[in-house]
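Here's the letter readout for the chains.
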Amino acid sequence: MLTRRGFAGFASCAICSLTGFLATEAGAQTPPAATPGVKRKVLGQTEGPAPGYVTITAEVEIEPGVLVGRHTHPGIEAGYVLDGEIELPIEGQPTRVLKAGDAFQVPPGVPHAGSKSGTKPVRILSTYTVEKGKPLASPA
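Residues numbered from 1 in each chain as written. Predicted model: local features only at pLDDT ≥ 70, side-chain atom pairs only at ≥ 80, totals over all residues. Heavy atoms only, no water.

### Examining the pattern of salt bridges
Applying the stated rule across the entire model yields seven salt bridges. In this structure, Lys-99 and Asp-102 form a salt bridge, with 3.9 Å as the shortest nitrogen-oxygen distance. The class of Lys-99 is partly exposed, set by a relative accessible area of 47%. Each of Glu-59, Asp-83 and Arg-123 takes part in salt bridges that share partners, so that together they form one network. (Salt bridge = Lys/Arg side-chain N within 4 Å of Asp/Glu carboxyl O. Buried < 20%, exposed > 50% of the residue type's maximum accessible area, 1.4 Å probe, protein only.)

Next comes the structure, spelled out in structure tokens:
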């Protein structure tokens, strides 16, 4: 019999797997391999800006109709929409629809998600400045 707690854990892992936000260790603290509808390309990774942190820059492409599940990061995510449009709900803020040329920031530990509708993919340049040794993303 699956308890409520067990189901919550299973559901969280399933959501993370579907959206490509599998927990990774700091040594390999890069976005995970591509999942259906989401492609990630790490453009750079460097130590810092302070001891105990790593900065990762990645290009993310999300296909139309894909839902990125609620998750958090152990640091700041700063993004810039290169192409397309995406709906970005960030906890504590009004949901925004971002289009090419728009930028966003997600504070450390704040749950957020995303959904892509329309007929063309959205491309985002994201920079993560996160605590070293923690998963890049965790379900929320």
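### Observations regarding the side chain of His-112
Mapped onto the secondary structure, His-112 falls in strand S8 (residues 112-115). Owing to a relative accessible area of 3%, His-112 belongs among the buried residues under this scheme. Only 3.3 Å separates the side chain of His-112 from the side chain of His-73, close enough to count as a polar contact. Not counting residues within four places of it along the chain, the set of residues in contact with His-112 comprises Gly-69, Arg-70, His-71, Thr-72, His-73, Glu-77, Pro-89, Ile-90 and Val-106. (Helix = DSSP H or I, 4+ residues; strand = E, 2+ residues; numbered from the N terminus. Polar contact = N/O pair within 3.5 Å; in protein donor to acceptor, adjacent residues only side chain to side chain. Contact = heavy atoms within 4.5 Å.)

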